[in-house]
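Residues per chain are reported as follows:
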Amino acid sequence: MSDPELYQQFKGHKDAITSVHFNPGGKKQVVSSSLDNTIMLWNFTSDSKAYRYTGHTDAVLDVQFSRTGHLVASASRDRTVRLWVPDMKGESSELKAHQGAVRSVQFSPDNQHLVTGSDDKSVKVWTVQRHKFLQSLAEHTNWVRSVRWSPDGRLLASSSDDRTVKIWDQSSGSCIHTFTQPKGFGHQVEFHPSGSCVGVATSCGKVHIYDIRAMKLQQMYSAHEGAVSSISFHPSGNYLISGSQDSKIKIYDLLEARAIYTLSGHQNQVTAVSFSHKGDYFSSGGQDSQILVWKTNFDSDLVGSGGKERQVMQEKVVQEVANLRLGVGEVDSVLETPCRNMAKEMAVLANKENKENQGGNNEEVVKQLTTINKNLDTLTKTVLLMEKRLTLVEDQIRILSTK
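Residues numbered from 1 in each chain as written. Predicted model: local features only at pLDDT ≥ 70, side-chain atom pairs only at ≥ 80, totals over all residues. Heavy atoms only, no water.

A. Local environment of the overall build of the protein chain. Assigned secondary structure in the protein chain consists of four helices and 28 strands. Taken across its 403 residues, the protein chain has 52% of its residues classed as buried. The contacts in the protein chain between residues at least 6 apart in sequence include a share of 47% that link residues at least 24 apart. A total accessible area of about 19200 Å² is found for the protein chain, and carbon and sulfur atoms account for 49% of it. (Helix = DSSP H or I, 4+ residues; strand = E, 2+ residues; numbered from the N terminus. Buried < 20%, exposed > 50% of the residue type's maximum accessible area, 1.4 Å probe, protein only. Contact = heavy atoms within 4.5 Å. Areas by Shrake-Rupley, 256 points an atom, 1.4 Å probe, with all protein chains shown as cover.)

Here it is, written out as structure tokens:
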């Protein structure tokens, strides 16, 4: 597995980015929304110009491609939703959706409907073609931050400032289950590609994953030092990415239940993240008004660019994962193990013997001791990494057992 790498950097917005989304229709495009009242369309594999679309009269808080890539929907603080044709003209139609700011919008899997979430505490469903209002889901008691369709289109998930995440039956409009956040509220909710669980980016710095079959918390990640603004599942379902107000991007291996990468690239808060439809790219947006496109490389069989460079990246990630449990101040002392100290002492003895004995055998002894030294160092790191992974798994089991 190769490491992710920065591929493109886009500048054009005049204020913080609020959402990013890849074109799932096959074109190498990313659409972004911003507090500057605009959305922009970026082509990241050619030299073609970016398109800026204007029409909203207040901040644009969410933007999504349709499942075919032929339309783009944007949600704004001006209480409207706009549907755009993503071409040079950028023609749009307006849908006066809510009595408050519209914070979230998404096309249904069949492209026939839209779902929106608003500060008026409601979730609403609309037809795409005629902009016809179909139903309102109004059990939240505070702002609705995010709403998403399940992959099969039968369920909806919404997160709210009332500290709940609700699962809805779309056809009947009834709430199937309510998950109550222990602390903070959900900035964003996303369905896992399998449809069996939902992930929630929380204001308390955690990522929660709820099993919607067993109706319980399945995993919890405390990887960030600030509120988590956005999350996205890899299409394989094996990875998750999160962006936080601590300016970091975290990537998690869901099968091993641990963070595997920490990426820095934005100068301030990371406000939006998204995987591409195939998972070969992911994008991030920040308060610094920049959009970064990264090559994922998770599923690549290619070897990293250099053994030494790759080893440094792995050690850095391991130390940062260790920080979650031990604290920054303890990492150095933990890595400085008795085995490593013994290896140093053996090196000192080798030098001492080399001075006392000038024979040819001493060179062979020094080589053997050096090899033993390296092997002990590698073994120490391996044991420490296994201990940390085991502790993370134990923490997950402890969380589940208390539910």
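This is not the end of the story, as more comes after the structure.
B. Geometry of the sheet that holds strand E25 (residues 258-264). What the four strands build is an open sheet, ordered E22-E23-E24-E25; its pairing is antiparallel. Lying at the two open borders of the sheet, with one neighbouring strand each, are strand E22 (228-233) and E25. The average angle at which neighbouring strand axes cross in this sheet is 20°, direction not considered. Bridge count for strand E23 (residues 239-244) against strand E24 (residues 248-253) is five bridges, and the pairing is antiparallel. Of the residues in E24, the one forming a bridge with Ile 241 is Ile 251. (Pairing = 2+ DSSP bridges. Axes fitted to C-alpha atoms, helices over the stretch in contact; angles between N-to-C directions.)

C. Local environment of the pairing of strand E12 (residues 123-127). Taking burial as the measure, the five residues of E12 include five buried ones, the bulk of the element. On E12, burial covers both faces: Val 123, Val 125 and Thr 127 on one face and Lys 124 and Trp 126 on the other are all buried. Pairing analysis gives five bridges linking strand E11 (residues 113-118) to E12, with the strands arranged antiparallel. Note that in E12 the partner of Thr 116 across the bridge is Lys 124. Hairpin connection between E11 and E12: a loop of four residues separates the two successive antiparallel strands, and Lys 121 in this loop has a positive phi of roughly 75°. Between E12 and strand E13 (residues 133-137), which follow one another and run antiparallel, lie five residues, and His 131 among them has a positive phi close to 60°.

D. Region of interest: the pattern of salt bridges. On inspection of all chains with the given rule, the structure shows nine salt bridges. Measuring nitrogen to oxygen at the nearest pair gives 3.4 Å for the salt bridge that ties Asp 211 to Arg 213. Between Glu 256 and Arg 258 there is a salt bridge; the shortest N-O distance is 2.6 Å. Residue classification places Arg 258 among the buried residues on the basis of a relative accessible area of 13%. Each member of the salt-bridge network shares a partner with another, and the members are Asp 62, Arg 148 and Glu 190. (Salt bridge = Lys/Arg side-chain N within 4 Å of Asp/Glu carboxyl O.)

E. Molecular detail of the confidence of the model for the protein chain. For the protein chain, the mean per-residue pLDDT works out to 83, and 76% of the residues sit at or above 70. In the predicted structure, residues 301-350 sits below a pLDDT of 50 and forms 52 contacts with residues beyond four places in sequence or in another chain. (pLDDT = per-residue confidence, 0-100.)

F. Representation of the packing of aromatic side chains in the model. Counted according to the given criterion, the structure contains 11 aromatic pairs. Consider the rings of Phe 44 and Tyr 281, whose centres lie 5.0 Å apart with planes at 70°: the pair is edge-to-face. Of this pair, Phe 44 sits in the loop between strand E4 (39-43) and strand E5 (51-53) while Tyr 281 is found in strand E27 (residues 281-286), placing the two residues 237 residues apart along the sequence. Accessibility classification places Phe 44 together with Tyr 281 in one group, the buried group. What links up through ring pairs into an aromatic cluster is the set Tyr 7, Phe 22, Phe 44 and Tyr 281. (Phe/Tyr/Trp six-rings, centres within 6.5 Å; stacked < 30°, edge-to-face > 60°.)

G. Geometry of the environment of Ala 50. Of note, Ala 50 is situated in the loop between E4 and E5. Linking Ala 50 and Gly 12, residues 38 residues apart in sequence, is a C-alpha distance of 8.5 Å. In contact with Ala 50, not counting residues within four places along its chain, are Met 40, Leu 41 and Trp 42.

H. Inspection of the environment of Asp 280 at higher detail. Assignment of secondary structure puts Asp 280 in the loop between strand E26 (270-275) and E27. C-alpha separation for the pair Asp 280 and Pro 4, spaced 276 residues apart in sequence, amounts to 9.8 Å. Setting aside residues no more than four positions away along its own chain, Asp 280 makes contact with Lys 28, Trp 294, Lys 295 and Thr 296. Within the local environment of Asp 280, its side chain forms a polar contact with the side chain of Ser 276, the two groups lying 2.8 Å apart. (Polar contact = N/O pair within 3.5 Å; in protein donor to acceptor, adjacent residues only side chain to side chain.)

I. Representation of the side chain of Gln 181. Looking at the secondary structure, you find Gln 181 in the loop between strand E17 (175-180) and strand E18 (186-191). If near-sequence neighbours (up to four positions away) are discounted, Gln 181 is found in contact with Arg 163, Val 165, Val 200, Thr 202, His 208 and Tyr 210.

J. Layout of the sheet that holds E27. What the four strands build is an open sheet, ordered E1-E28-E27-E26; its pairing is antiparallel. Of all strands in the sheet, those with a lone pairing partner are strand E1 (5-11) and E26, marking the two edges. Looking at each pair of strands side by side, their axes are set apart by 20° on average, direction ignored. As defined by bridge partners, E27 adjoins strand E28 (residues 290-295) across five bridges and the pair is classed as antiparallel. Bridged to Tyr 281 within E28 is Lys 295.

K. Geometry of the pairing of E22. Among the six residues of E22, six are classified as buried, and the element is accordingly described as predominantly covered. In this structure, E22 lies alongside E23, joined through five bridges in antiparallel fashion. Residue Ser 232 lies in a different strand from E23, and its bridge partner there is Ile 241. Connecting E22 to the antiparallel partner E23 that follows it, the hairpin turn spans five residues, and Gly 237 within it adopts a positive phi of roughly 85°.

L. Representation of unusual backbone geometry within the structure. Backbone geometry places Met 215, a non-glycine residue, at a positive phi of 55°. Looking at the element boundaries, Met 215 is found in the loop between strand E20 (207-211) and strand E21 (216-221).

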